[in-house]
Amino acid sequence: MSGEEEENAAELKIGEEFLKAKCLMNCEVAIILEHKYEQIQQHASDSDPSSQVSQVFEKSLQYVKRFSRYKNPDAVRQVRETLSRYGLAEFELCTLGNLCPDTSGEAIALVPTLTSGGRFPEGDQGNDKIDKMLNDLSLIKKFE
């Protein structure tokens, strides 16, 4: 980004490093941290402080588990695949996957960039596509 251009998430102006970065939903982070936690527990010894789980790690794991909308690893994979089919930026995909809005209006309010770039045009046609996407997500949750 040029020095004069101000970052604005509502317009997906979040900086080159963030546009190229791989974002993770809370449910994906929970799976990764749970796996690491199990590894640490398997190799833990009372005499080795490096094999102990830090308080920050535990709090992080608690947080992502609490705010994860999807618990089943297959459902998590399905959510990412479903949202990816709609051509969303990583930032948009993770925001929608974490917050799971119920309506197109709610989705647009949370992720205003959905209506830019022609993916979901403003108006009924775009709202219908967003509603379809949200319905796909709710079906994954329903059958999880």
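Figured I'd write up the structure that's included with this text. Note that this is a predicted model, so its numbers are computed, not measured.

### Observations concerning a negative patch on the surface
The grouping of Glu6, Glu7, Glu16 and Glu17 at the surface amounts to a negative patch. Looking at the secondary structure, you find glutamate 7 in the segment before helix H1 (16–20). Looking at glutamate 7, the relative accessible area reads 47%, which means it is partly exposed.

### As for the packing of aromatic side chains
Inspection of every chain in the model, using the stated rule, returns three aromatic pairs. Ring plane angle 15 degrees and centroid distance 6.4 Å describe the contact between tyrosine 37 and phenylalanine 57, whose orientation is recorded as stacked. With tyrosine 37 in helix H2 (residues 26–42) and phenylalanine 57 in helix H3 (residues 55–66), this residue pair connects regions lying 20 residues apart in the sequence. The exposure class assigned to phenylalanine 57 is buried, which follows from its relative accessible area of 15%. Here tyrosine 63 and phenylalanine 67 contribute two aromatic rings whose centre-to-centre distance is 4.8 Å and whose plane-to-plane angle is 45 degrees, an arrangement assigned as tilted. Tyrosine 63 gets classed as partly exposed once you look at its relative accessible area, which sits at 47%. In this structure phenylalanine 67 comes out as partly exposed when scored by relative accessible area, which is 37%. Between lysine 129 and the ring centre of phenylalanine 120, over which it is positioned, the NZ or CZ distance is 5.4 Å. Above the face of the tyrosine 70 ring, lysine 141 is positioned so that its terminal group lies 5.8 Å from the ring centre.

Rules used in this analysis
- In every chain, residue numbers begin from 1 and rise along the written sequence.
- Given that the model is predicted, a residue must reach a pLDDT of at least 70 before its local features are reported, and side-chain atom pairs must reach 80 or more before they are shown or counted; all residues, however, enter totals for whole chains, interfaces and linings.
- Each side-chain value is derived from all of the structure's non-hydrogen atoms; neither hydrogens nor water enter the calculation.
- A patch consists of residues whose relative accessible area exceeds 30% and which take part in no salt bridge; residues with like charges are grouped when within 9 Å of each other, and nonpolar side chains (Val, Leu, Ile, Met, Phe, Trp, Tyr) when within 5 Å.
- Working definition of accessibility: Shrake-Rupley area with a 1.4 Å probe, residue cover restricted to the visible protein chains.
- Any carboxyl oxygen of Asp or Glu within 4 Å of a side-chain nitrogen of Lys or Arg constitutes a salt bridge here.
- When charges are counted, Lys and Arg are positive and Asp and Glu negative, with His and the chain ends excluded.
- Charge positions are represented by NZ for Lys, CZ for Arg, CG for Asp and CD for Glu.
- In this text, helices come from DSSP runs of H or I with a minimum length of four residues, and strands from runs of E with a minimum of two, each type numbered from the N-terminal end.
- Think of it in three bands: residues with accessible area under 20% of the maximum for their type are buried, residues over 50% are exposed, and the middle band is partly exposed, with areas taken using a 1.4 Å probe on protein chains only.
- Here the aromatic set is Phe, Tyr and Trp, taking the six-membered ring for Trp, and pairing holds for ring centres within 6.5 Å; pairs whose planes are under 30 degrees apart are stacked, those over 60 apart are edge-to-face, and all others are tilted.
- Comment: the charge-over-ring label is applied if NZ (Lys) or CZ (Arg) is within 6 Å of the ring centre and within 35 degrees of the ring normal.

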